[in-house]
Amino acid sequence: QVQLVESGGGLVQPGGSLRLSCAASGSIFSIYAMGWYRQAPGKQREFVAQITNGGRIHYADSVKGRFTISRDNTKNTVTLQMNSLKPEDTAVYYCNVADNSAGEYWGQGTQVTVSS
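Residues numbered from 1 in each chain as written. Predicted model: local features only at pLDDT ≥ 70, side-chain atom pairs only at ≥ 80, totals over all residues. Heavy atoms only, no water.

Visitor: How should I be thinking about the pattern of salt bridges in this particular structure?
Guide: Opposite charge on two side chains permits pairing when their charged atoms draw close. Counting across every chain of the model gives three salt bridges. Salt-bridge contacts for Arg38 lead to Glu46; the nearest nitrogen and oxygen are separated by 2.7 Å. Taking relative accessible area as the criterion, Arg38 reaches 5% and is therefore assigned buried. For Arg66, the salt bridge identified is with Asp89, shortest N-O distance 2.8 Å. Of the two residues, Arg66 is situated in the loop between strand E6 (57–59) and strand E7 (67–72) and Asp89 in the loop between strand E8 (77–82) and strand E9 (91–99); the sequence distance between them amounts to 23 residues. (Salt bridge = Lys/Arg side-chain N within 4 Å of Asp/Glu carboxyl O. Buried < 20%, exposed > 50% of the residue type's maximum accessible area, 1.4 Å probe, protein only. Helix = DSSP H or I, 4+ residues; strand = E, 2+ residues; numbered from the N terminus.)

So this is what it looks like as C-alpha cells:
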C-alpha cells in the first residue's frame, strides 16, 4: 500500500557531495516524520537524520554539520544533502516514514559509496 521511492545514490570521492531523495505515496493518512537511516556492511542500521511534519530536525552526531535534511510536505518527499563525504559514510541509505497512527515504512535502500 505504501511506496517509498529513493534516488540519488552513487559513487563519490571523499570530500564530495551527493543528494538523496525519497518520495512517499500510497495509503499514508498523515505523515509524522520522514528521515534517513543507513547500514554499512557488517554493522547495525543507524539513524542519520529526521524531519517532522512541523519542521523539527535531528541529526546523528556523525553527520551533523555535513548533512542537511529537508522536506516538501505537499509532495511528501524528503531530501538529504550530503556534503564533505567520508569513506565512513559508505552504506546503504534507507528512507523511513512514520505516520501518526504508529505505522512505519521503509524504502528499498540506495547505495552510497565514498572512495578514491
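Visitor: Please clarify how the sheet that holds E8 should be interpreted in this entry.
Guide: Consider a sheet: its strands pair through backbone hydrogen bonds, and that pairing is either parallel or antiparallel. Across the sheet, which stays open at both edges, the four strands sit in the order E1-E3-E8-E7 with antiparallel pairing between neighbours. Each edge of the open sheet carries a strand with a single partner, namely strand E1 (2–7) and E7. Sheet twist, expressed as the mean angle between neighbouring strand axes with direction ignored, is 15°. Both strand E3 (residues 18–26) and E8 contribute to a ladder of six bridges, which runs antiparallel. Note on E8: the bridge partner recorded for Leu18 is Met82. (Pairing = 2+ DSSP bridges. Axes fitted to C-alpha atoms, helices over the stretch in contact; angles between N-to-C directions.)

Visitor: Teacher, can you tell me more about the environment of Gln81 here?
Guide: Tracing the backbone shows Gln81 in strand E8. Leave out the neighbours within four places in its chain, and Gln81 touches Ser17, Leu18, Arg19, Arg66, Phe67 and Thr68. Here Asn83 takes part through its side chain, which lies 3.0 Å from a polar atom of the side chain of Gln81. (Contact = heavy atoms within 4.5 Å. Polar contact = N/O pair within 3.5 Å; in protein donor to acceptor, adjacent residues only side chain to side chain.)

Visitor: Sorry if this is basic, but what is going on with the side chain of Arg38 here?
Guide: Tracing the backbone through its elements, the reader meets Arg38 in strand E4 (residues 31–39). At 3.4 Å, the side chain of Arg38 and the side chain of Ser62 are in polar contact. Here the side chain of Arg38 touches Tyr93 through a polar contact of 2.9 Å, side chain to side chain. The contact partners of Arg38, leaving out residues within four places of it in the chain, are Gln44, Arg45, Glu46, Val48, Ser62, Val63, Phe67, Glu88, Asp89, Ala91, Val92 and Tyr93.

Visitor: What is the right way to look at the nonpolar core in this model?
Guide: Side chains that are nonpolar tend, in soluble globular proteins, to be buried together. Ranked by internal contacts, the top residues of the largest apolar core, which has 28 residues, are Trp36, Val48, Phe67, Val78, Leu80, Met82 and Tyr93. Breaking this core down by element, the ones donating at least two residues are E3, E4, strand E5 (46–52), E7, E8, E9 and strand E11 (110–114). (Core = buried A, V, L, I, M, F, W, Y, C linked by side-chain atoms within 4.5 Å.)

Visitor: What's the story with the side chain of Glu6 in this structure? I'm lost.
Guide: Within the element layout of this structure, Glu6 appears in strand E1. No salt bridge is formed by the buried Glu6. Its closest oppositely charged neighbour is Arg45, at 8.2 Å. Here Cys95 takes part through its backbone nitrogen, which lies 2.5 Å from a polar atom of the side chain of Glu6. A polar side-chain atom of Glu6 sits 2.5 Å from the main-chain amide nitrogen of Gly109. Excluding residues that lie within four positions of it along the chain, Glu6 makes contacts with Ser21, Cys22, Trp36, Tyr93, Tyr94, Cys95, Gly107, Gln108, Gly109 and Thr110. (Lys, Arg positive; Asp, Glu negative; His and termini not counted.)

Visitor: Is there a simple way to think about the pairing of E11 in this case?
Guide: Within a regular beta strand, the side chains point alternately toward one face of the sheet and then the other, so they alternate between its two faces. Only one face of E11 is buried, namely the one carrying Thr110, Val112 and Val114, since none of Gln111 and Thr113 on the opposite face is buried. Pairing analysis gives three bridges linking strand E2 (residues 10–12) to E11, with the strands arranged parallel. Across the sheet, Val12 pairs through a bridge with Val114, a residue of E11. In terms of strand pairing, E9 meets E11 through three bridges, oriented antiparallel. From the neighbouring strand, Tyr93 faces E11, where its bridge partner is Thr110.

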